[in-house]
Amino acid sequence: MNVQNLKGNHWSARKVDHIYIVSITNHSHIVETLTDFVQNQKIEAGEVTGIGAVSEATLRFFNPSTKNYVDKTFKEQMEVTNISGNVSEIEGKIMLHLHITLGREDYTALAGHLLEARIQGAAEFIFYPLNTRMVKAKNEETGINLYDFEQ
């Protein structure tokens with residue numbers, strides 16, 4: 001087993017063989033920090049899962065009839081019961097595509113595409129890199145970025 005400890009601006013990680021276990025510093029932004037992590041480690045494709053707690057989150061919801069996103073920000077303490085997503089390349093940039101489920105104090109849940117969230121407490125992630133390059137391109141019919149296996 002090959003183990004390596006890593007450190008970035010707002011993250012620390014342990015690489016075990018080819019899998020990464022990542023922790024984000026309190027009060028950091030999830031998408032910004034994880035994007036820094038994947039760029040630092042040169043991860044071009046893969047899967048990510050995570051849990052934690054946030055004090056603020058901006059979610060996106062895609063409206064297929066208008067082909068537009070609607071953003072909404074929630075400012076309250078919430079448990080991150082799940083983050084799942086992938087890493088790919090869009091227009092030449094490595095991007096994260098994350099979905100999140102958030103538990104509220106009254107035990108209801110919010111869910112959607114994660115635009116950004118601010119950690120309040122802890123955030124822990126596992127990255128499963130793939131040894132390939134995955135490109136997404138905008139599909140005109142749906143209005144969203146989809147995998148383009150020809151690139």
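Residues numbered from 1 in each chain as written. Predicted model: local features only at pLDDT ≥ 70, side-chain atom pairs only at ≥ 80, totals over all residues. Heavy atoms only, no water.

**Let's talk about the side chain of Thr-58**
Operational definition: Numbering of helices and strands runs from the N terminus, with a helix taken as a DSSP run of H or I at least four residues long and a strand as a DSSP run of E at least two residues long. Throughout, a contact is declared for two residues whenever any of their heavy atoms are within 4.5 Å.
Its location among the elements puts Thr-58 in strand β4 (residues 46-63). If near-sequence neighbours (up to four positions away) are discounted, Thr-58 is found in contact with Asp-71, Lys-72, Thr-73, His-113, Leu-114, Leu-115 and Glu-116.

**Notes on the packing of aromatic side chains**
Our working rule: Only Phe, Tyr and Trp rings take part, Trp by its six-membered ring, and two of them pair if their centres are within 6.5 Å. Stacked means planes under 30 degrees apart, edge-to-face means over 60, and tilted covers everything else. Sitting over a ring, as applied to charges here, requires NZ of Lys or CZ of Arg to be within 6 Å of the ring centre and within 35 degrees of the ring normal.
Evaluated as defined, the whole model comprises five aromatic pairs. Three or more aromatic residues link up through ring pairs in this structure, and these residues are Trp-11, Tyr-20, Phe-37 and Phe-127. In this structure, Arg-60 packs its charged tip against the face of Tyr-69, placed 5.1 Å from the ring centre. Against the face of Tyr-147 rests Lys-136, its NZ or CZ located 5.0 Å from the ring centre.

**Notes on the pattern of salt bridges**
Applied cut-off: When a carboxyl oxygen of Asp or Glu lies within 4 Å of a side-chain nitrogen of Lys or Arg, that pair is called a salt bridge. Only protein chains enter the calculation, and the probe is 1.4 Å; a residue is then buried if its accessible area is under 20% of its type maximum, exposed if over 50%, and partly exposed in between.
Considering all chains together, one arrives at three salt bridges under this definition. Here Glu-76 ties to Arg-104 by a salt bridge, and the two come within 2.9 Å at their closest N and O atoms. Within this pair, whereas Glu-76 is found in strand β5 (residues 68-90), its partner Arg-104 is found in the loop between β6 (93-103) and β7 (109-129), the two being separated by 28 residues in sequence. Residue classification places Arg-104 among the partly exposed residues on the basis of a relative accessible area of 25%. Arg-133 is paired through a salt bridge with Glu-89; the nearest N and O atoms lie 2.9 Å apart. In this pair, Arg-133 sits in the loop between β7 and β8 (135-138) while Glu-89 sits in strand β5, placing the two residues 44 residues apart along the sequence. Judged by relative accessible area, Glu-89 falls into the buried class, the value being 13%.

**So, the pairing of strand β2 (residues 11-16)**
Note the threshold: Note on pairing: two strands pair once DSSP finds at least 2 bridges between them.
Bridge count for strand β1 (residues 3-7) against β2 is five bridges, and the pairing is antiparallel. Directly across from Val-3, in β2, lies its bridge partner Val-16. Remark: three residues form the turn of the hairpin made by β1 and β2, two consecutive strands paired antiparallel. As paired elements, β2 and strand β3 (residues 19-24) share six bridges and run antiparallel to each other.

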